[in-house]
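Given next are the chains, with one letter for each unit.
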Amino acid sequence: MKNILLKTAFFGASFLMLAACKKTLDPKNENPYGASSELLSQDFNNIKSLFSPMFNNVISTATSYQTQQGLQGDVWAGYMGTPTDFRGGSNNTTYDLVDGWNNTCWNLAYTGVMANALKIEQRAKGKYDQFYALSLIIKVEAMHRIADSFGPVVYSKYGTTAAIIPYDSQEEAYNAMFADLDNAITILTNKINAKEASTFVGTDITAYAGNYTKWVMFANSLRLRLAMRIVKVNPALAKTQAEKSVAHPVGVLVANADVCKVISPNVTNPLSTISGSWDDIRMSADMESILVGYADPRVAGYFLKSSAYPDYKGIRTGIQINAKSDRVSFSKIGAVIENKETVWMTTAEVYFLRAEGALRGWNMNGTAKGLYEAGIASSFEQRGVSGAATYAADNVKLPKAYVDPVSAVNNAAALNNVTIAWDAAASNEVNLQKIITQKWIAAFPDGQEAWSEYRRTGYPKIFPVIKNTSGGKIDSATGIRRINFVESERSGNPGGVATALTKLSGPDNGGTRLWWDVAGPNF
Amino acid sequence: MKTKPIKKGNKFLCKGAFIFLLCFFMSSMVSAGQILNLGFNDSKILDVFVKIERATKLKFIYNNEDIDKSKRINLAVQQRDMVDLLWEITAQSNLNFKVVDGIIAVSAQHLAEEITGKVTDSKGLPLPGATLKIKGANTATTTDANGNFKLKAEAGAVLMVSFTGYVTQEVLLGAEHSLVIVLKENSNTLQELTITALGIKKVRKSLTYAAAELKGDELTNVRDANLVNTVAGKVSGVVINKGAGGSGGTSKVVIRGNSSFSGNQPLYVIDGVPLYNATTTQANSVFGGGRDGGDAVSLLNPDDYDGMTILKGAAATALYGSQGANGVILLSSKKAKAGQKSISLSSSINVETASSLPQFQTNYGAVKDAEKSWGAAATLENHVPGFFKTGIIQSSSAGFSSGSEVALTSFNYANTNGRGIIEGNKINKHNFSLKETIKLFKDKFQVFAGGTYNTQRINNKPVNGFYFNPILGTYLMPRGNDFQYYKDNFEVFDVSRNLMVQNWPKNAITDKEQNPYWIINRNQTKDNNTFFEGNLGFNFKVTEWFTLASRYSYSDLTSIYEKKMYAGTAPTLARANGGYVLQNLKSIQNYVDVIASFNKQLGKDLNLTANLGASQLGITANNGTTFNAGNGLQYANWFTIGNFIDNAGNTQSTGVKKMLQSVFASATLGYKNFLYLDLTGRNDWSSTLANTDKNWFFYPSVGLTTIVSEMFKLPEFISYGKIRGSFAQVGKDIPAFVTSPTSTVVGGIIQNPNVGPRPGAVLKPEIKSEFEIGTEWRFVNDRLGIEASYYNSVSKNQYVEVPAPSTNPFGYVNYGFNAGSIQNKGLEIDLNAKAVKTEKFEWNLGLVFAKNISLVKEIPADLGGRINLTGSGPNSYRFALIQGRPFGIIEGYNIKRDNVGNIILNKDANSSIQKTGWEELGTPNPNFTLGFNNKIKYAQFYASFLIDGRFGGKVMSMTESMNDSYGVSKASGDARLAGGVNIKAIYSDGTPYTGLYPAESYYTQTGDRTGTSGEYIYDATNISLREFSLGYNFNLKSIPFIKSASASLVGRNLFFIHKKAPFDPNIALSTGDGFQGIDVMGLPTTRSFGINLNITF
């Protein structure tokens, strides 16, 4: 009897143990819903799939847009104002820079764009160079925006696994971006010349739909944009890069079909939600002053009329807000954002860049006046409004004074005293103000780019903040010049941030001017 | 009386004492029918015995007087059956042999004779009803009313005498026919058994570490929907914070302080099988984004358990290796008893009312259409108390148990249902459990199987924070509005949309504030959690000293969460057409183990207990799908996933998928019942360590205990004294998947891995090394007892997940690596006294004291010496670990003051108040805790009460700061009545501020979620009457079929004897690690009263 028991017991035990030991430890330790590299290599998705997060994060197509750009460039460029008293009324709009917001643009640029661009480089460079070239163009489009916000950035040294990830100075980053654009343009131009069919068709969610020629046009235009940005700090290089773009056989954006825009299949422009159901963003006082003053027909597409006051009503940025409800009834953002499109660059902007180049005596394939008026016409065409010629000839209308119906302390006289019409007799400075003001109107709603050009040129003049809670870091008259480095970098890459500080011309706060941001007149 | 202690065959045993390899035990097992090749040439009888013992591994036991030692045996060497051999020896020696259970009992040739005797206790008092049994025979009897017995037995037979509450004694019958057998009482704990790690029962006195025990009635006497809440105040070193989810919500349990940067909840073990206590989500934001998703422990039925053992230190939990770092709570389920059949019914009903509500002003209304109440004077009613209802929780359970010699069956069913103090909050819970044990082959082989099924549904589980919280709108409603009107008309018809939309004072609908009744009715949530556990196992007593056991358990926790947000909900929370969230998560655990246990006397003074085993644990946790209409619904109020505008919010995820394989061994060596050496070792192989240097880790422990009272003759009044010390290492596994980061895809867009190892870092488990010493004394016949422990632990290699610099080349959001250490040292003292002990009146007192000092010893410099467990976001609260500070520091802003305490004002139009940057405001950890437990019995009455106290620590109330800035708090009203806030202030240029400071300006600057939170820090010290019960045991001897019946009045959280904070600081908004020491519109604490009825047939 005992033997039987024993055998049963040991048999049972061994059975259980065997059953247990049959399952060896999973050597992978992988999330079952994650993608393995084998899975992704099918259809070249290990390369192609990486473009989707890049397209969606240069300018976020999700509501993270609000803290990526909506409460930074969009308000600092004088495009929009918020009725909301975020953080008890002490926030970016009053120059109390909110780390918890301002890290969004940084994080999206690196985790959404740079990390994927690096993978594309590793997987495609030398093998499928067209993908590498396209990733470089998108990378520059994303990263110049970051460099233009922070100054020094991690760009050329990105990809190191060393403990310290060093920063480039903004100048080094710009030079690297020029080189990347040159490289991309060369690769793609060769493919165009060789008449290679595009392998980017299904992957490209921009309006270009994989067309290499359009991408080269965009890359040239982007190079022109960067060139103009550095005109005050390095005019010689600016001229070289700008003329190279315009002279390139493929050229720059010229038609409305060339507008660079992401058309994200799933999502409506996030501004629709932020302005609509969240009621967090409205027309700015500056937009009201300029568009209404000029009787600009584009205003109807840009904004909705106020639900409580006659006509359009904008919010001045940097004011005392007692309750959100005070200004929720001001003008919402209009039809321009009621679609799935996120515009990266308008054709009008390129004309205005060329107009400024011509004004500076560069070979821009046109006269300053001609290019200026072509820019206005292009923008009118893009926005589907007529009367560009009449508008461009108007030498009477001026921006109007601003009245805040809630609190008169925010009222202000108009700052911009220039008319629309080109004035050959006027100084370069005045004509530049006209060019930049029109570019500012045309580029709406990309406040990030408008904020950069505002800082470079000082145009259009923007109502200064009245409430300044920066604690003395940012001068109300000079306005905000940059964003301080983000918390995750200060704590996660302190050695890298230390390299950045030596490449910054002042303390790490919003009052320090960037490399290309040189005080003084433009000419 | 001439019985002798049974002499063991010690020579043989010494040989193999420490070898506990299985093969050894295989060879040691022989049957009586074994063939032997032996012979004796004029051998002394005792030498013959030795030879046979060596050959068979059987042992002889005998009474010296029975044996004529000069007797010699002669037998030729040849193969014989063992039985034949013994017969031949009998023929030459006049001795009888009987083989029973591995021993050969030797007796002189006697005939069965009548033996009489008496069984008494140590004081000589007779023990009526004691059982006497002849070992290996069917003869048995019991003592009569005077403790006397009579039975027939042969000399040499072994008589087993047992009586409940006394140590069973074996008596070898000799020539003596009249015996007095004295039984030693069990009650002085000398033989008391405690369930320890892996379900191994150990003699309590031999433990080298602290192990607290709670009896089953402690869990059910004054019940709580979550059984772990009933532990509060009863066990030193265990801090329980009730979660914010109300009845049925989770609780935060911390044993001996937080020892990890992440994850400090203990391991729960039911009948030896680890319970995977998966928690789905916990809040970690002021906004209330995370909810209390529930866990497995909160689903258990307290009636199913006999009691609880809490293993606090590393030495106690060392056998759990990489799962043991946070302490272990062992639950043992109720088992049927052989020979007993019973049906028990119990029912309780409890009513709950809100207590510790904030105070509100009733003197000022809001300006028309304003969100905040800073308008003109008015006479108002405080509508807040009326919002909270009386909650009722009813629970009833029925149990059946039946035991025969062969089978033990028990079945329990319980149902709990009720409603909370907020309208629409309902709970309904069903628990089923079934247990079956079959005993075969004279109890040698036991097979057991069991299962529990628990299902709980909670409607509108209370949430904390700003979003979807009806309390927020109730507190902040612009005053002057009619709350009752908005209750009756929480929705109104919108002609333009042809649907009902939310109705609440104009402009007061924000992301935070909504009509409370809209939230209750149109933002409804349902939590449906189901937990199943089934197990199967056997227990095989191979010999008296060797047992083999194995268990298999499967458990499954399913959590389904649904939330419907109607069109009309605040637009930040749900889009114009409404929103819908459906989450379905499943956690599965498979566990199997095999344990061989040995208990062997090695000679006269040495005893060895050893265990050797292996286990495998496979876990898949929080595996499931979440459908979230983040961008809204296509058609209004149609709550189905096909109606989502897009797929961007839909995700599939797995929290954990891992396997842990382990081998373990433990040995306790006892010397003369007063010195015990305890050694354990466990090696864990974990799948989460893939792609690291090694996938295994070893966890050792060593402990030593001396029973001083047995070792030395101590004065009479000391009944028990023990000193113990131990050292052990336990660990904590790293989270799954971290070592193998993969990309995921959401809404068609690839997401880079959320976390991956920091470059250069090789991940390894956390390791906690703990040193513990303790002592235990009892005096005056155990009337007074004290137990004290001191421990010092250091937890190294903390797993840290910190935001990776976004510039990292992998696109990780966070880096995971090991860094930093936490130290906890502390003292625990448990005192108990039987203050009064007479036949009619008993009064037992218990006092538990614990002090824990935590210290974050090291956080790497490259993290700036700090880790934010809860980031600030835009709020003036954050919760951080800071090097050189205790675990968990609350930080916020203060009003800037000069060195004599004047508030510094800006010289501007508003004379605005200057604020500091981030400053430390305090730690929520108590300095020490005290629990005072009283149990009184007088005749048929019994009563108990528990006073629970926490001393020291700080908490913050964002509820108060919101109420202040919205002008609804009493403070804001009083300030207006007084004409302003009386502050001592100067301007930044040094000129003094004169007059009262305008109340609105003051409170809107200092209050709100972004204000000077330092003004809203309170001392967390509180003392409360945690439990109270008064009951009566009915004496129903006249009704034969009723075994017992009782009724009691009970109360829980009755009142605070002392409290400074404006809310109950024992409630944690999150049972995770972050978000501690703060109240953000949390559910007020509840006081409950009830009636319990129990009846057993």
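Residues numbered from 1 in each chain as written. Chains lettered and ligands numbered in written order. Predicted model: local features only at pLDDT ≥ 70, side-chain atom pairs only at ≥ 80, totals over all residues. Heavy atoms only, no water.

### Considerations on the overall build of chain A
Just so we agree on the cut-off: Numbering goes from the N terminus for both helices and strands, where a helix is a DSSP run of H or I of at least four residues and a strand is a run of E of at least two. Put simply, the radius of gyration uses C-alpha atoms, and a globule should come to 2.2 Å times the residue count raised to 0.38. Each residue gets one of three labels from its accessible area relative to the maximum for its type: buried under 20%, exposed over 50%, partly exposed in between, using a 1.4 Å probe on protein chains only. Residue contacts are defined here by distance: any two heavy atoms, one from each residue, within 4.5 Å place the two residues in contact. In these tables, accessible area is a Shrake-Rupley quantity obtained with a 1.4 Å probe, and a residue counts as shielded only by the protein chains included in the view. In this tally, Lys and Arg are treated as positive and Asp and Glu as negative; His is ignored, and so are the chain termini. A charged residue contributes its charge at one atom only: NZ of Lys, CZ of Arg, CG of Asp or CD of Glu.
Per the secondary structure count, chain A includes 22 helices and four strands. Its C-alpha radius of gyration of 26 Å places chain A within 12% of the 24 Å reference for a compact globule of 523 residues. Overall, chain A is about 115 × 60 × 45 Å in size when its C-alpha atoms are taken along their principal axes. By residue count, 61% of the 523 residues in chain A fall in the buried class. Partitioning the intrachain contacts of chain A with sequence separation of at least 6 by distance along the chain shows that 76% fall at a separation of at least 24. For chain A, the accessible area works out to roughly 18,000 Å², and carbon and sulfur atoms hold 56% of it. Here chain A carries 51 positive and 46 negative side-chain charges, and the mean point of each set is 4 Å from the other.

### Points about the pairing of strand 10 (residues 158-162) of chain B
A regular strand carries its side chains on alternate faces of the sheet. All names here are of chain B. As a reminder, the rule being used: Pairing between two strands is assigned when DSSP locates at least 2 bridges connecting them.
Sheet topology note: the strand 7 (residues 131-134)/strand 10 ladder contains four bridges and is antiparallel. In the sheet register, K133 faces strand 10, and the bridge partner there is M160. Where strand 10 meets strand 11 (residues 169-172), four bridges bridge the pair, whose relative direction is antiparallel. Looking at the pairing, M160 lines up with E170 of strand 11.

### What to know about the sheet that holds strand 44 (residues 814-818) of chain B
Residues and elements named next belong to chain B. Let me state the cut-off plainly: In this analysis an axis means a line fitted to C-alpha atoms, helices contributing only their contacting stretch, and an angle means the value between N-to-C directions, from 0 to 180 degrees.
Read across the open sheet, the three strands follow the order 40-44-43; overall the sheet is mixed. With partners counted over all chains shown, the strands left at the sheet margins are strand 40 (755-757) and strand 43 (799-803), one partner each. For this sheet the average axis-to-axis angle between neighbouring strands, irrespective of direction, equals 30 degrees. Taken together, the five bridges between strand 43 and strand 44 define a ladder with antiparallel strand orientation. When the sheet's bridge partners are listed, E801 is paired in strand 44 with G816.

### A look at empty space enclosed by the protein
All names here are of chain B. Put simply, the rule is: Of the grid points, spaced at 1 Å and generated over the protein atoms alone, those admitting a 1.4 Å probe that cannot get out make up cavities, while open sets with protein on both sides within 12 Å along at least five of seven lines make up pockets; any residue with an atom within 4 Å of a point is treated as lining. Grid points are joined across faces, edges and corners, and a volume is the space filled by probe spheres set on the points. Only Asp, Glu, Lys and Arg are considered charged, only Ala, Val, Leu, Ile, Met, Phe, Trp, Tyr, Cys and Pro nonpolar, and every remaining residue, Gly among them, polar.
Of the volumes computed, that of the largest cavity is approximately 320 Å³. Contributing to the lining of the largest cavity are 28 residues, with R223, D224, A225, N350 and I393 lying nearest its centre. The set of elements that each furnish at least two residues to the lining of the largest cavity consists of strand 22 (341-354), strand 23 (391-403), strand 24 (407-419), strand 25 (426-440), strand 58 (1044-1059) and strand 61 (1086-1096). Top contributing element to the lining of the largest cavity by residue count: strand 22, with five residues. For the lining of the largest cavity, the per-class residue count stands at five nonpolar, 15 polar and eight charged. The calculated volume of the second largest cavity comes to roughly 250 Å³. Listing elements by their share of the lining of the second largest cavity, those giving two or more residues are strand 16 (238-243), strand 46 (841-858), strand 52 (928-938), strand 53 (941-951) and strand 58. Its residues assigned to classes, the lining of the second largest cavity comprises nine nonpolar, 10 polar and seven charged.

### A few points about the interface of chain B and chain A
Note the cut-off: The term buried area refers to how much accessible surface (probe radius 1.4 Å) is lost by two components on association, counted for both of them together. Two N or O atoms form a polar contact when they lie within 3.5 Å of each other; inside protein one atom must be a possible hydrogen donor and the other a possible acceptor, and for residues adjacent in sequence the pair counts only when both atoms belong to side chains.
On the chain A side, the residues contacting the 65 residues of chain B number 61 residues. Regarding the contact of chain B and chain A, the summed buried area is about 5,400 Å², with carbon and sulfur atoms giving 63% of it. It is B:S806, B:T807 and B:P809 in chain B that bury the most area against chain A; as a group they hold 12% of the surface buried on that side. Linking chain B with chain A are 13 residue pairs in polar contact (both at pLDDT 80 or more), by the criterion used here.

### A word on the confidence of the model for chain B
All names here are of chain B. So the rule is basically this: What pLDDT reports is the predictor's confidence in each residue, on a scale of 0 through 100.
Confidence in the prediction of chain B, expressed as mean pLDDT, is 86, and 95% of residues score 70 or more. Low confidence marks residues 1-32, where pLDDT is under 50. Its contacts with residues over four positions away, or in another chain, come to 59 contacts. Under the prediction, the complex receives an ipTM of 0.75, its pTM being 0.78.

### What to know about the side chain of B:S259
Within the secondary structure layout, B:S259 lies in the loop between strand 17 (251-255) and strand 18 (267-270). What B:S259 contacts, discounting residues up to four positions off in sequence, is B:N264, B:A325, B:N326, B:E766, B:K768, B:S795, B:Q798, B:I822 and B:N824.

### Some thoughts on the nonpolar core
Residue and element names in this part refer to chain A. Just so we agree on the cut-off: By nonpolar core we mean a set of buried residues, namely Ala, Val, Leu, Ile, Met, Phe, Trp, Tyr and Cys, connected to one another through side-chain atoms within 4.5 Å.
Counting 141 residues, the largest nonpolar core has F51, W215, F218, F303 and W344 as the members making the most contacts within it. Looking at which element gives the most residues to this core, the answer is helix 9 (residues 129-150), with 13 residues. Dropping the residues within four chain positions of it, F51 is found in contact with I120, F131, L134, S135, I138, F200 and T203.

### Brief notes about the sheet that holds strand 10 of chain B
All names here are of chain B. Spatial strand order, 8-7-10-11: four strands in an open sheet with antiparallel pairing. The open sheet is flanked by strand 8 (140-142) and strand 11, the only strands paired with a single partner. With direction set aside, neighbouring strand axes in the sheet form an average angle of 20 degrees.

### What to know about unusual backbone geometry
That bond from A:F444 to A:P445 is cis: its omega, 5 degrees, falls within 30 degrees of zero. With respect to the secondary-structure elements, A:P445 resides in the loop between helix 19 (428-442) and helix 20 (447-457). A cis amide bond links A:Y459 with the next residue in sequence, A:P460, at an omega value of -20 degrees. With respect to the secondary-structure elements, A:P460 resides in the loop between helix 20 and helix 21 (487-492). Here B:N498, not a glycine, exhibits a phi torsion of approximately 60 degrees, which is positive. As for its placement among the helices and strands, B:N498 is situated in the loop between strand 27 (491-494) and strand 28 (499-502). On the accessibility criterion, B:N498 (60% relative accessible area) is exposed. Phi at B:N622 takes a positive value of approximately 50 degrees, unusual for a residue other than glycine. By the secondary structure assignment, B:N622 is in strand 32 (residues 606-628). When its relative accessible area of 15% is taken as the criterion, B:N622 is described as buried.

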